Amino acid sequence: MEPIDLVEYDKHKKQFNLAGIIPIAGYQNEYNTIWPDYLNPIAPGYFPFHKSVMECAFAGCDHIWIVCNHDFIPIIKKYIGNSVMDPSSYQKFYINRNKKKIKKLKVIPIMYVAIDNKYLNNCTIPFSTLYGAYMVKKTCFKLSKWLMPDRYFVSFMTQQYNINELYELRPQIKNHNPFFVSHNNQTILDGVPSAFTFNNKDLYNILKWSKIKNNSSFFDIFSKIDKENSYIWEPKFCFDTKSWEGFREFLGSSDTENYKVIKSLFTNFKFNSVSNFM
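Residues numbered from 1 in each chain as written. Predicted model: local features only at pLDDT ≥ 70, side-chain atom pairs only at ≥ 80, totals over all residues. Heavy atoms only, no water.

A. The arrangement of the pairing of strand E6 (residues 107–114) in detail. Summarising the sheet, strand E2 (residues 63–68) and E6 pair through five bridges and their orientation is parallel. Among the inter-strand pairings, Val67 is bridged to a residue of E6, identified as Val113. Note that strand E3 (residues 83–85) and E6 share three bridges and pair antiparallel. Within E6, the position partnered with Ser83 by the bridge is Pro109. (Pairing = 2+ DSSP bridges. Helix = DSSP H or I, 4+ residues; strand = E, 2+ residues; numbered from the N terminus.)

B. Focus on the pattern of salt bridges. All told, the structure shown has five salt bridges when counted by the stated rule. Lys51 is the salt-bridge partner of Glu55, the closest N and O atoms lying 2.7 Å from each other. Residue Glu55 and its partner Lys51 are located together in helix H1 (residues 48–59), separated by four residues, close to a single helical turn. Residues Glu55 and Lys51 agree in their burial class; the two are buried. Each member of the salt-bridge network shares a partner with another, and the members are Asp62, Asp86, Lys106, Arg170 and Lys174. (Salt bridge = Lys/Arg side-chain N within 4 Å of Asp/Glu carboxyl O. Buried < 20%, exposed > 50% of the residue type's maximum accessible area, 1.4 Å probe, protein only.)

C. Summary view of the side chain of His183. With respect to the element layout, His183 can be found in the loop between strand E9 (179–181) and strand E10 (196–199). Residue classification places His183 among the buried positions, given a relative accessible area of 12%. Once you skip the residues sitting within four places of it in the chain, His183 turns out to touch Gln159, Val192, Ser194, Glu234, Cys238, Phe239 and Asp240. (Contact = heavy atoms within 4.5 Å.)

D. Representation of the packing of aromatic side chains. What the rule picks out here adds up to 24 aromatic pairs. Aromatic side chains Phe47 and Phe49 sit 5.6 Å apart centroid to centroid with 5 degrees between the ring planes, which places their arrangement in the stacked category. For Phe49, a relative accessible area of 2% puts it in the buried group. A cation over an aromatic ring shows up here: Lys242 above the ring of Tyr27, its NZ or CZ 3.8 Å from the ring centre. (Phe/Tyr/Trp six-rings, centres within 6.5 Å; stacked < 30°, edge-to-face > 60°. Lys NZ or Arg CZ within 6 Å of the ring centre and 35° of its normal.)

E. Representation of the layout of surface pockets in the model. Approximately 240 Å³ is the volume found for the second largest pocket. If you trace the second largest pocket, you find 13 residues lining it, with Tyr27, Ile125, Pro193, Phe218 and Lys242 closest to the centre. Each residue belonging to the lining of the second largest pocket can be placed in one class, and the counts come to eight nonpolar, four polar and one charged. (1 Å grid on protein atoms, 1.4 Å probe; cavity = no way out; pocket = protein on both sides within 12 Å on 5 of 7 lines; lining within 4 Å. Points joined across faces, edges and corners; volume = space filled by probe spheres on them. Nonpolar A, V, L, I, M, F, W, Y, C, P; charged D, E, K, R; others polar.)

F. Structural context of unusual backbone geometry. A positive phi angle is found at Asn185, which is not glycine, with a value near 65 degrees. Positive phi values are uncommon outside glycine, yet Asn229 reaches one of about 60 degrees. In this structure, Asn229 sits in the loop between helix H7 (218–222) and strand E11 (231–233). In this structure Asn229 comes out as exposed when scored by relative accessible area, which is 56%.

G. Main features of empty space enclosed by the protein. Applying the stated criterion across every chain, the model contains three cavities of 30 Å³ or more. Computed from the structure, the largest cavity encloses a volume of approximately 80 Å³. The wall of the largest cavity is formed by Tyr27, Tyr31, Asp37, Tyr38, Asn40, Ile42, Pro48, Met157, Thr158, Gln160, Thr241 and Phe247. For the lining of the largest cavity, the residue count by class is seven nonpolar, four polar and one charged.

Don't take any of this as a statement about function, it's just geometry.
What follows is the structure, encoded as structure tokens:
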């Protein structure tokens, strides 16, 4: 991946564009199951990729990009679909000529990015994150300058916390300053896979100056991104379900008793039998 030339921010652009990235390709199984760990439910009918899509929606992302292996895209796409509702839609309405309140619904499109075959064998989650941001910028650059993301919001499936609280933090997330979700007083800057935002300048510098290897960690790649005027938020509870111990702690916690998928956000929420894909 070669860095794309930086495009100066257009001062006449009024709308802030936030792109959500969910890196799945390169995920290493820890539970020794016959399927990927992210296909294990974290609540009845609630899967880790549901959580990440909802996290991006509550954070205020304008479009969401899921970076995944090409052979698992059909399964995830059947569970999620092509779009999700913006939670703010339920608070916005207009009055028509008949003086009836009509909800002003905003749909967030979901795109799927398949990792190139030449990267599959050595792909990792940090690399998948950069690949997703690179493809988002490359695609939007070819379509229109008005689609260019101002910042990227990265969601990790293994980080579990009350994502609903992100809705109140939208002013801190959708601006030109960095935003970090902290886990045990540690962020992505410390090598912890925790949600964060970065901009095109950070992406350009990483691709230009970093030597991305197969074993490059989050700290190796993201420790030097811009953190000036950053906003760090620590949720009331946070669990890392990457390990089996963390997964057991998450399931046994009283904080997650009411953990569930918000079906109304998914425009075509429907479960299909896995046998349909065989």
